[in-house]
Amino acid sequence: MPRLITVVLFFAFCSICDSRGLQKVATVVKSTGQPWPLPKSIKSTDNLITLNAENFIFKSTGAHCDILDAAYKRYTSIIFGELNKKPLLFKSEQSDDSGDYLGLLSINTETECKGVYPSLSSSESYELTVSSSGAVLHSKEVWGALRGLETFSQLVYKLTNGQYVINQTSVEDAPRFDHRGILLDTSRHYLKKEKLLENLEIMAQNKFNVFHWHIVDDQSFPFVSQRFPEMSAKGAYDPATHIFTPSDVQEIIEFARLRGIRVMVEFDSPGHSLSWGKGVPDLLTKCYSAGKADGQFGPINPAVNSSFEFLKEFFSEVASVFPDHYLFLGGDEVSFSCWKSNPQITQFMKVKGFGTNYAKLEEYYMQRLLDIVSDLKKGYMIWQEVIDNGATVKSDTVVNVWKPGFKGELSKVTKLGYKTLLSACWYLDYISYGGDWKHYYGCDPQNFNGTQEQKDLIMGGEACLWGEYVDDTNVTPRLWPRASAVAEKLWSPESATSDYTKAQSRLEEHRCRMVGRGFPAEVANGPSFCTKEF
């Protein structure tokens, strides 16, 4: 049985239209047993190997830990559903390879994995070999083992006679970029913990490794601070139901860790902070009209030391809650109008010698905040405006480029020597009719004018789903499989992702795979169907 199913495209030209006068959409037939994202190297034959589905086990032959225990249990369910109900054997020397059936995948992980968290420097490389003589997965670190287990699960498929099979295959794989993220916004609309966990699961099945949690913003403050409980008590939409308690946050971090995903939290300031001020008196700048305070508030007030005393204590708590090395500190869309109206601010500007250059005031704020975070032994990421406004920041700052004209911005920021992420072409809250995943698939983080040294500063990128029109009812289908296109661009070799037409059949299969695993991933390629059991 061939492993690749020919992609059949029925193209209808403008002269062939449906009853509404719309051009008909090409039909894409999905492949079978093809992985997403595409590995660095994959070689398969037509030789089919049948799995001993009722007694299949995973066995650790190297390092072993809770991450692998959880993964073995998870992937037994993902691959075989309720079929395999026997106790799982993780470290046993028993082999269920007998006769003509494959009953064992040996996982050899070289380095200790107990109590570890993923980081930017984690190795996700792995080698997977499946043949009639056995199946072996080898990785340097446990994170590579997780990625390899996902690939193995995607290579397995079910025949019409009910047999689970896999083609003889060898895979050598590693990601192209180290930072492959999804941003979700839980402020504009609150997203329940269960929805975040659901999407973390799907992220792992697409080999994303960073959850950029835009947890608070102007609209609401759902993060429950133990040092400043009034921030959520007064700043959340509902302090009883629309919050993330300390136990919620820890559950999310641990759920992500077991899937090799970093949780990088964002507390954006000095702008986007109106909800902060509801629980922290005198934190925000009072806006003035006609020489009087008008009841409106602007960014955090950088002219008083109390602001930085608060920030030091608050970020000390944040740093203790979130184990990832990086904190995202924002710095975008800072409106200077309120600062300009405030007499205390204008006097402060004169004392500091800033004149009327409010970008200097923003730089002053960001520098003091970065110093606070540096003292906490944390790294930091910022939005591009901080650099665009002329601020000079620390050399190890990571800049996220999100605005149109990103090619010039990437060239400028990397020329300054900063590590950089790209989000500009992957704003998934912008939706359009049809298969817009092709647009996302056509964007490449290193496609800009610059030296190789500059391009090496690109750490990766993020797909962003902002929450103005997204809540629990639509976050998952709006995100997937559109974000899957970004996943492959960030994981797979550049040469393998230059033509979206070569990816269509695999994306069709992957979308059906996600649906078959219980996730409401929306249609990607127009008319098609998924079998009930995938």
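Provided above is the structure to which this section pertains.
The sections below set out a description of the structure shown in this document. (Residues numbered from 1 in each chain as written. Predicted model: local features only at pLDDT ≥ 70, side-chain atom pairs only at ≥ 80, totals over all residues. Heavy atoms only, no water.)

So, on to the overall build of the chain. For the chain, the count of helices and strands is 17 helices and 18 strands. Its C-alpha atoms give the chain a radius of gyration of 25 Å, within 12% of the compact-globule value 24 Å for 534 residues. Overall size of the chain, expressed as C-alpha extent along the three principal axes, is 85 × 65 × 50 Å. Buried residues in the chain amount to 57% of all 534 residues. (Helix = DSSP H or I, 4+ residues; strand = E, 2+ residues; numbered from the N terminus. Rg over C-alpha atoms; globule rule 2.2 N^0.38 Å. Buried < 20%, exposed > 50% of the residue type's maximum accessible area, 1.4 Å probe, protein only.)

Another point: unusual backbone geometry. In this structure, Pro 37 follows Trp 36 across a cis peptide bond, with omega equal to -5°. Here Trp 480 and Pro 481 are connected by a cis peptide whose omega angle stands at 5°. By the element assignment, Pro 481 lies in the loop between helix 15 (475-479) and helix 16 (482-491). Even without being a glycine, Lys 207 presents a positive backbone phi close to 65°. A relative accessible area of 1% means that Lys 207 is categorised as buried.

As a further point, take the packing of aromatic side chains. Two descriptors summarise a pair of aromatic rings, namely the distance from one centre to the other and the angle between the planes of the rings. Tallied over the full model, the rule gives 40 aromatic pairs. Consider the rings of Phe 208 and Trp 480, whose centres lie 5.9 Å apart with planes at 65°: the pair is edge-to-face. Placement of Phe 208 in the loop between helix 3 (193-205) and strand 10 (210-214) and of Trp 480 in the loop between helix 15 and helix 16 is noted, with a sequence separation of 272 residues between them. Summarising the burial analysis for this pair, Phe 208 and Trp 480 share the class buried. Seen from the ring of Phe 308, Arg 368 lies directly overhead, with NZ or CZ sitting 4.0 Å from the centre. (Phe/Tyr/Trp six-rings, centres within 6.5 Å; stacked < 30°, edge-to-face > 60°. Lys NZ or Arg CZ within 6 Å of the ring centre and 35° of its normal.)

Put simply, helix 9 (residues 343-352) and helix 10 (residues 358-375) touch, their axes get as near as 11 Å, and they point 85° apart. As summarised for this structure, helix 9 and helix 10 are arranged roughly perpendicular, according to the angle between their axes. From helix 9, Ile 345, Thr 346, Phe 348, Met 349 and Lys 352 reach across to helix 10, where they touch Tyr 358, Leu 361 and Tyr 364. Taken together, the residues of the contact of helix 9 with helix 10 break down into six nonpolar, one polar and one charged. (Axes fitted to C-alpha atoms, helices over the stretch in contact; angles between N-to-C directions. Parallel < 35°, antiparallel > 145°, perpendicular 65-115°, else oblique. Contact = heavy atoms within 4.5 Å. Nonpolar A, V, L, I, M, F, W, Y, C, P; charged D, E, K, R; others polar.)

Within the largest apolar cluster, 102 residues are counted, with the highest numbers of intra-cluster contacts made by Phe 267, Trp 276 and Phe 314. Contact partners of Phe 267, with chain neighbours within four places excluded, come to Ile 215, Val 216, Phe 221, Phe 223, Trp 276, Phe 314, Phe 315, Val 318, Phe 328 and Leu 329. Core analysis: the next-biggest nonpolar cluster, separate from the first, contains 35 residues, Ile 79, Cys 113, Leu 137 and Leu 146 among them. (Core = buried A, V, L, I, M, F, W, Y, C linked by side-chain atoms within 4.5 Å.)

Our focus in this paragraph is helix 2 (residues 142-155). Taking 1.5 Å per residue, 14 residues should reach 20 Å; helix 2 reaches 20 Å between its end C-alpha atoms and fits that length. Helix 2 sits mainly inside the fold: 14 of its 14 residues count as buried. (Expected span 1.5 Å × (residues − 1).)

Here the focus is the state of the cysteines. Taken as a whole and assessed by the stated rule, the structure comprises four disulfides. Note that Cys 65 is cross-linked by a disulfide to Cys 113, the S-S spacing being 2.2 Å. Looking along the S-S bond of the Cys 65-Cys 113 disulfide, the torsion reads about -115°, which is the left-handed sense. Placement of the pair is Cys 65 in the loop between strand 2 (57-60) and helix 1 (66-80) and Cys 113 in the loop between strand 4 (104-109) and strand 5 (126-131), with a sequence separation of 48 residues. On the basis of relative accessible area, Cys 65 is assigned to the buried category, the value being 5%. Of the residues examined, Cys 113 reaches a relative accessible area of 0% and is grouped as buried. The disulfide partner of Cys 287 is Cys 338, and the S-S distance across this bridge is 2.1 Å. Disulfide Cys 287-Cys 338: torsion about the S-S bond near -115°, hence left-handed. You can see Cys 287 sitting in strand 12 (residues 284-289) and its partner Cys 338 sitting in helix 8 (residues 337-341), a full 51 residues away along the chain. Cys 338 shares its class with Cys 287; the two are buried. In the chain, the cysteines engaged in disulfides, taken in order along the sequence, are linked 1-2, 3-4, 5-6, 7-8. (Disulfide = S-S within 2.5 Å.)

Note that every value here comes from positions in space, so none of it alone points to a role or purpose.
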